[in-house]
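Coordinate inspection notes
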Amino acid sequence: MDTIPTGKIERAGKLVKTGVKIGGNYVKYYGKKLVDPQTSKDTLDQDNAEDIYDGLKSLKGSALKVAQMLSMEKNLLPRAYVEKFSLSQFSVPPLSAPLVRKTFKKYLDKYPEEIFDEFEKDSVNAASIGQVHRAEKDGKKLAVKIQYPGVAESISSDLALVKPVAIKMFNLKGKDSEKYFKEVEHKLIEETNYILELEQSHEITTACSVIPNMEFPKYYRELSSERILTMDWMEGTHLGEFTRTDFDTELGNTLGQALWDFYMFQIHKLRRVHADPHPGNFLVSESGKLIAIDFGCIKQIPDDFYVPYFELAKEENINNDKIFMEKLYELEILTPTDSEEELKFFKALFQEMLTIFTSPFHKDTFDFGDEVFWSKIANLSERYSKDEQIRKMNGNRGSKHFLYINRTFFGLYNLLHDLKAKVHVNSYETYMD
């Protein structure tokens, strides 16, 4: 790609064109259904997923990041969407070589060939916010991540386009809904700050070096800037590709344990966490180690959220009505303005939901390959997605911190499921001191 739309009107126009294509897909679908009432929605889903993804991949940035986040929601979206949107993790159209050179000159005041001994002009991976090139300097193999032009500047306008749709979709009422949009905007802006990512990467990888079977790249300040990030080149297979192979059960358990300990150590020891657990951010080395390669999205966990959140993970508290209700209020799930009907409905919903989602914490060992566990999650998702009552109630509930902490756990659970991993739940405590 030689250009990326960066203006608000230009980007909105691209989304409108995508909407027109989707409208055409529905016209075709209902035309076929008139002729044959048995016509499946599979073709409609496939066409819509393709058109939406094609529109988003040309915009890149926060618009494409939405597709990346949605690709992790395997129980909420039709399979066609999950498969198409998952390409945004590491396989989208890259920038052209002249645009790459222009970015280097702007942010490091030199062209890539003036900085590195070798630099491959074609990217090896391209995702939502940036793309990666191989390079070499002083005999060291390097990965150079280059951010797409205009990504940081377009975040606010992209979210302004999404906001009315999200308010309608999630039935958000009242001015407090702004806190959720500000949280997303804040994290996306952080992800475009490569100086911040370099600092976070160094701090977290140093602290997490105690976790067995984990590897991390080294980062190079002198070869980085706010839009260019240079690190060691790490050899390995993307985790998403690895889990589609016939891998050994023991290796799956080893990788799963490393992944679980990596996340639990960050959450409980560092009180901040790598909040973007999708397969494109992890590699599996030839020696069977798990490599974490992206620390752009880091979520700080304040004490006033951490304490009640993990108190609700205790089985005895879920089953104690008094404590359970107290914690729901502390976490803003229930509000003083709720009606009796809303209090009763959301108490029952979260009691059922937390009983399922926190079940891994109630055992010494948990099997994330257990299909009974996943069928319970799928059934719960399907039942409430069709519930007419929930659509009439105010969806504006819950601390803003839920957005990225829940996203972290959903992503982690999905990766562990793909690995069919059995993990020792409290193993991470060994490394806390």
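Residues numbered from 1 in each chain as written. Predicted model: local features only at pLDDT ≥ 70, side-chain atom pairs only at ≥ 80, totals over all residues. Heavy atoms only, no water.

Where charged atoms of side chains with opposite charge meet at close range, the side chains can pair. Summed over all chains, the structure comprises 18 salt bridges. Here Glu352 ties to Arg383 by a salt bridge, and the two come within 2.3 Å at their closest N and O atoms. With a gap of 31 residues between them, Glu352 in helix H15 (residues 340-357) and Arg383 in helix H16 (residues 371-385) connect regions that are remote in the sequence. On the basis of relative accessible area, Arg383 is assigned to the partly exposed category, the value being 43%. In this structure, a network of salt bridges that share partners links the residues Lys145, Glu197 and Asp294. (Salt bridge = Lys/Arg side-chain N within 4 Å of Asp/Glu carboxyl O. Helix = DSSP H or I, 4+ residues; strand = E, 2+ residues; numbered from the N terminus. Buried < 20%, exposed > 50% of the residue type's maximum accessible area, 1.4 Å probe, protein only.)

Here we come to a negative patch on the surface. A cluster of acidic residues, Asp117, Glu118, Glu120 and Asp138, forms a negative patch on the protein surface. Mapped onto the secondary structure, Glu120 falls in the loop between strand E1 (118-119) and strand E2 (125-126). By relative accessible area, Glu120 is classed as partly exposed at 38%. (Patch = residues over 30% accessible without salt bridge, like charges linked within 9 Å, V, L, I, M, F, W, Y side chains within 5 Å. Areas by Shrake-Rupley, 256 points an atom, 1.4 Å probe, with all protein chains shown as cover. Lys, Arg positive; Asp, Glu negative; His and termini not counted. Charge placed at Lys NZ, Arg CZ, Asp CG, Glu CD.)

This part covers the packing of aromatic side chains. Inspection of the entire model under this criterion finds 28 aromatic pairs. Ring geometry for Phe104 and Phe116: centres 6.2 Å apart, planes at 90 degrees, overall edge-to-face. Of this pair, Phe104 sits in helix H5 (residues 97-108) while Phe116 is found in the loop between helix H6 (112-115) and E1, placing the two residues 12 residues apart along the sequence. With respect to burial, Phe104 and Phe116 carry one shared label: buried. Here the aromatic rings of Tyr309 and Phe310 are separated by 5.1 Å at their centres, their planes lie at 70 degrees, and the arrangement is edge-to-face. On the basis of relative accessible area, Tyr309 is assigned to the buried category, the value being 14%. We note Arg271 situated over the ring of Tyr306; from NZ or CZ to the ring centre the distance is 3.5 Å. The positively charged end of Arg397 is found above the aromatic ring belonging to Phe346, 3.9 Å away from the centroid. (Phe/Tyr/Trp six-rings, centres within 6.5 Å; stacked < 30°, edge-to-face > 60°. Lys NZ or Arg CZ within 6 Å of the ring centre and 35° of its normal.)

The interhelical angle for the contact between helix H14 (residues 321-330) and H15, taken along N-to-C directions, is 100 degrees, at an axis separation of 11 Å. Of the possible angle classes, the one that applies to H14 and H15 is roughly perpendicular. For the pair H14 and H15, contact is made by Asp321, Phe324, Met325, Leu328 and Tyr329 and by Leu343, Lys347, Phe350, Gln351 and Leu354, respectively. For the contact of H14 with H15, a count of residues per class yields 7 nonpolar, 1 polar and 2 charged. (Axes fitted to C-alpha atoms, helices over the stretch in contact; angles between N-to-C directions. Parallel < 35°, antiparallel > 145°, perpendicular 65-115°, else oblique. Contact = heavy atoms within 4.5 Å. Nonpolar A, V, L, I, M, F, W, Y, C, P; charged D, E, K, R; others polar.)

None of this, on its own, says anything about what the molecule does.
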